[in-house]
Amino acid sequence: MNAPLVAQGKLASLKSSKAVFRLVGPVVATLLIAIYAVVVSLFVVPSNVDVSWLLTVGDRVLNGERLYVDIAEGNPPFSTWLYLPFLAMERLTGLSAEFWVSVGVAALAAASVCFSARILARTDEVLKRCVWIIPAAVFVVLFLFPPDFGQREQIAVIALLPWLALLSARDRTADFRAGGIAERIVAGVGAGIFVMIKPPYSVLALALPALVIALQRRSLRPLFTTESVVGGILTVGYLIALAVFMQPFFAEVLPLLRQVYLPMRMPVMDMLMLWPIPMFAAMAGATLVMAYPGRPHRDAQILLLAGAAYVPAFVIMGKGWTYQALPFLTVGVLALMLQSIRLKPLRSLPLPAMFGAALGLFSIVKLVVAQQGLAFTQPRGGLDAAAVAVSRVIDHPTFMSIGSRLQAGNPLARMTGARVVARNPSAWMVSDAEILIRLVQDPAQRLDLETLRQQYTAAIAAELAAKRPDIVVDDGTAEPRAPIPLRDDIAVAKSLADYRPLLQNGSVTLLIRADVKARQ
């Protein structure tokens, strides 16, 4: 009499155990991926020079220095504000801001992916079954480019994902409604953060998917969702605050950028041939072919549209730095993944779809293996040796960099607890002016650049003489140097007359003021 009931109880227990495993496995995998990213970013990958500089700027701002007056930072203020919470945690806990950047970015990436998956999975049975895509997506968002971990562009992608997910969820419904009010606000704040991190380049990544859906539906509603309005209000408020309270940015920084930074662009055709763009094109093509004979799923379509809209920003900026390609490559990989979970069984796949799947798998493996390899092959011994050399001589020195690039001086200052006293992060403007002098053909323009170079050099020499930092940092032997090393300038050499070499290696050259007493 009781046998059927017992069997049903065992069956229910077995189903419950399988359900628990389906949830526990991805959760554990996500935690392990986050731990891996934190450990590698802290102990294996050399500290990112941009992140280190923005932490230095934020720390100086918290100490009362004025942005764009006492500190010449080339980015709008939101780039600095973005890292202030990590610096606040450093002051509250005594743990380094770098630690909080690693932990914070890992936590935000996991939260953003899970939040976005929750929005999409409500009406998508395929996603409910494919829960293992969550840790895979966390890995892609969190550690696709290990050397660029913690960069603003990575945080921007993390912030944007809920908005993209909500747009796709809305497109699933006839009335274009989806998400609760809290989800819409979170998505809107994330969209605002994405735009404020890189204005105006980032606007197209939001505008293009919304415009395409608006045209498909013949409605303006996709352009005026709650989350888009929230993001728009945040962005407009930020721009107003920038115009009202950050006048030195327009008076001091923008002219410098127009003179020597913005002209330093690679030609458009050279930018188009850099590997990130063909890689994104391969992933987009694989996603499209994988859907044969139909069209890609809307989730993949929206991600590809957002990625494609960011490519012009990469080309227009003209620098070719990999972190600037991170947004479109990240969403390109995510689009491939979301399309792949909708593949039919292998035996019933059409030949084009099989080719697309193979191309997609090859693209992801090539990108991931190459970038993870960089995490373990980039040398950091020179930087560690420099930190040891400084720490052996002096505690918490004052620092100033005269290097030709935004280079090792920034992480080194953070590693040694130094106080950076220079107005500029390095002498990059002198180097850029010198390069442009050799490139321009117009004699009048060349004369203007030579005047600017002399002014920048004289300003650095005067700052060296006035502030007399304990440590002066210059390029290492493996770093690019300005055509005329700044130390060879007469005024700069005079300011450095009472400095002696402390260390030189491939990463950095250190000069120490001769009257600095060695730590006992």
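Rules behind the numbers
- Residues numbered from 1 in each chain as written.
- Predicted model: local features only at pLDDT ≥ 70, side-chain atom pairs only at ≥ 80, totals over all residues.
- Heavy atoms only, no water.
- Buried < 20%, exposed > 50% of the residue type's maximum accessible area, 1.4 Å probe, protein only.
- Helix = DSSP H or I, 4+ residues; strand = E, 2+ residues; numbered from the N terminus.
- Pairing = 2+ DSSP bridges.
- Phe/Tyr/Trp six-rings, centres within 6.5 Å; stacked < 30°, edge-to-face > 60°.
- Lys NZ or Arg CZ within 6 Å of the ring centre and 35° of its normal.
- Salt bridge = Lys/Arg side-chain N within 4 Å of Asp/Glu carboxyl O.

A. Here's a closer look at helix H7 (residues 133-143). Within H7, nine of the eleven residues are buried, leaving the element largely enclosed by the surrounding structure. By the burial criterion, the buried members of H7 are Ile-133, Pro-135, Ala-137, Val-138, Phe-139, Val-140, Val-141, Leu-142 and Phe-143.

B. Expanded view of unusual backbone geometry. For the bond running from Pro-199 to Pro-200, omega is -5 degrees, close enough to zero to count as cis. Checked against the element boundaries, Pro-200 lands in the loop between helix H9 (181-197) and helix H10 (203-217). Residue Pro-293 is reached from Tyr-292 by a cis peptide bond, and omega for that bond is 10 degrees. Within the fold, Pro-293 resides in the loop between helix H14 (276-290) and helix H15 (298-317).

C. Structural view of the pairing of strand E1 (residues 398-401). Judged by which residues are buried, E1 turns out to be covered on both faces: Thr-398 and Met-400 on one side and Phe-399 and Ser-401 on the other are all buried. With two bridges joining them, E1 and strand E2 (residues 419-420) adopt parallel strand pairing. Note that in E2 the partner of Phe-399 across the bridge is Val-420. Two strands pair when backbone bridges link them, and E1 and strand E3 (residues 471-475) are joined in this way by three bridges, in the parallel orientation. Paired with Phe-399 across the bridge in E3 is Ile-471.

D. Here's a closer look at the packing of aromatic side chains. Enumeration according to the criterion identifies 14 aromatic pairs in this entry. Ring centres of Phe-314 and Phe-328 lie 5.5 Å apart, and the angle between their planes is 75 degrees; on these two criteria the pair is classed as edge-to-face. With a gap of 14 residues between them, Phe-314 in helix H15 and Phe-328 in helix H16 (residues 322-340) connect regions that are remote in the sequence. Both residues of the pair, Phe-314 and Phe-328, belong to the buried class. Among the aromatic side chains, those forming a connected cluster through ring pairs are Tyr-36, Phe-143 and Phe-149. Above the ring of Tyr-261, the side-chain terminus of Lys-319 is found at 3.9 Å from the ring centroid.

E. Spotlight on the pattern of salt bridges. According to the stated counting rule, one finds 26 salt bridges in the structure shown. One salt bridge in this structure joins Glu-227 and Arg-170, with 2.8 Å as the shortest N-O distance. Within this pair, whereas Glu-227 is found in helix H11 (residues 226-245), its partner Arg-170 is found in helix H8 (residues 152-171), the two being separated by 57 residues in sequence. For Glu-227, a relative accessible area of 1% gives the class buried. Arg-453 is paired through a salt bridge with Glu-434; the nearest N and O atoms lie 2.2 Å apart. One end of the pair, Arg-453, is in helix H21 (residues 443-467); the other, Glu-434, is in helix H20 (residues 428-439), with 19 residues separating them in the sequence. For Glu-434, a relative accessible area of 9% puts it in the buried group. Among the charged side chains, a salt-bridge network with shared partners connects Arg-468, Asp-470, Asp-498, Arg-513 and Asp-515.

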